[in-house]
Amino acid sequence: KMLSLGRSKYRKLETFFSRGGYIADYWAGFLAADGCIVTEPRREVRLKLHIKDKDWVSTFIYDTEYEGRMSVGKMAGVTVCSAYNWISDLDQVYNVTPRKTFTLEPPNIEGTRALSYICGYIDGDGCWSVSTGRPILIIVGTRAILEWIQKRFVDIDSQAKTATVQKSRGCYRISFQGQDVINIFHVLNSLTTRHMPRKWQPVEALVGKGVVLDESVLG
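Here the structure is a predicted model, which means the values were calculated and not measured.

Cut-offs and rules
- Residues numbered from 1 in each chain as written.
- Predicted model: local features only at pLDDT ≥ 70, side-chain atom pairs only at ≥ 80, totals over all residues.
- Heavy atoms only, no water.
- Helix = DSSP H or I, 4+ residues; strand = E, 2+ residues; numbered from the N terminus.
- Pairing = 2+ DSSP bridges.
- Contact = heavy atoms within 4.5 Å.
- Axes fitted to C-alpha atoms, helices over the stretch in contact; angles between N-to-C directions.
- Phe/Tyr/Trp six-rings, centres within 6.5 Å; stacked < 30°, edge-to-face > 60°.
- Buried < 20%, exposed > 50% of the residue type's maximum accessible area, 1.4 Å probe, protein only.

## What to know about unusual backbone geometry
Link 1 in the chain: With omega at 0°, the peptide bond leading from E40 into P41 counts as cis.
Link 2 in the chain: A positive phi angle, near 60°, is found at E65, a position not held by glycine.
Link 3 in the chain: Within the chain, T132 stands out as a residue other than glycine whose phi angle is a positive 50°.
Link 4 in the chain: Looking at the secondary structure, you find T132 in the loop between β5 (126-131) and β6 (134-141).

## Looking at the sheet that holds strand β4 (residues 75-81)
Link 1 in the chain: Judged by pairing direction, the sheet is antiparallel, and its 4 strands sit side by side in the order β1-β2-β4-β3 without closing on themselves. Since the sheet does not close on itself, it has two edges, and those belong to β1 (35-38) and β3 (71-72), each with one partner.
Link 2 in the chain: In the packing of helix α2 (residues 54-63) onto the sheet, the strands contacted are β2 (44-50), β3 and β4, and the crossing angle to β4 comes to about 20°.
Link 3 in the chain: Against the sheet, helix α3 (residues 84-94) touches β1, β2 and β4, its axis set at about 80° to β2.

## Side note on the packing of aromatic side chains
Link 1 in the chain: All chains considered together, the criterion is met by 18 aromatic pairs.
Link 2 in the chain: Their ring planes at 80° and their centres at 4.8 Å tell us that F16 and F17 sit as a pair that is edge-to-face.
Link 3 in the chain: According to the relative accessible area criterion, F16 is buried, its value standing at 3%.
Link 4 in the chain: Judged by centre distance (6.0 Å) and plane angle (45°), the ring pair of W27 and W56 falls under tilted.

Okay, here's the thing in structure tokens:
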């Protein structure tokens, strides 16, 4: 199978983002943070990661049932051509647009679906770490998306409201530390969605996976 003139002969799950669900929410969050939406000269969704995360590009291909090939060099990537439905749904459901780096707004989802989106966003533009035995979570993005994430975290741990969105070197960031991170980690890690192992392992090694929570309490 070959690509030709902007039209993809590779099959994909066209309704992946419109039908929703935790896995679609996760990848929408990931693309919002670390993907690329292109509308000219042809409509494409691109995902390119460091070669060490090649398996995660494969996971995206698997979840979306895309039959195209992954390019591998210093980076591993996939370009989904003729992604008309995907781009429309990413915009309408998740507010992910070509200029998302500067304009990203919160998605139109709530409850644990919103938390699944946040898992993907953290894996794309966040970092779990441990410093002198203290867990830390840092997330970067637009002010709108970071304030929305913080409000979702306040539902998990009321102390999360003490964190502030700050602007540094042209971008906004928010950080959480200590027990707040542990509480947030346990809830997000309990969701039946994707979690990039490399990103989550530092805190998991410190606090363990925790128990699976009753998702109904979060709406």
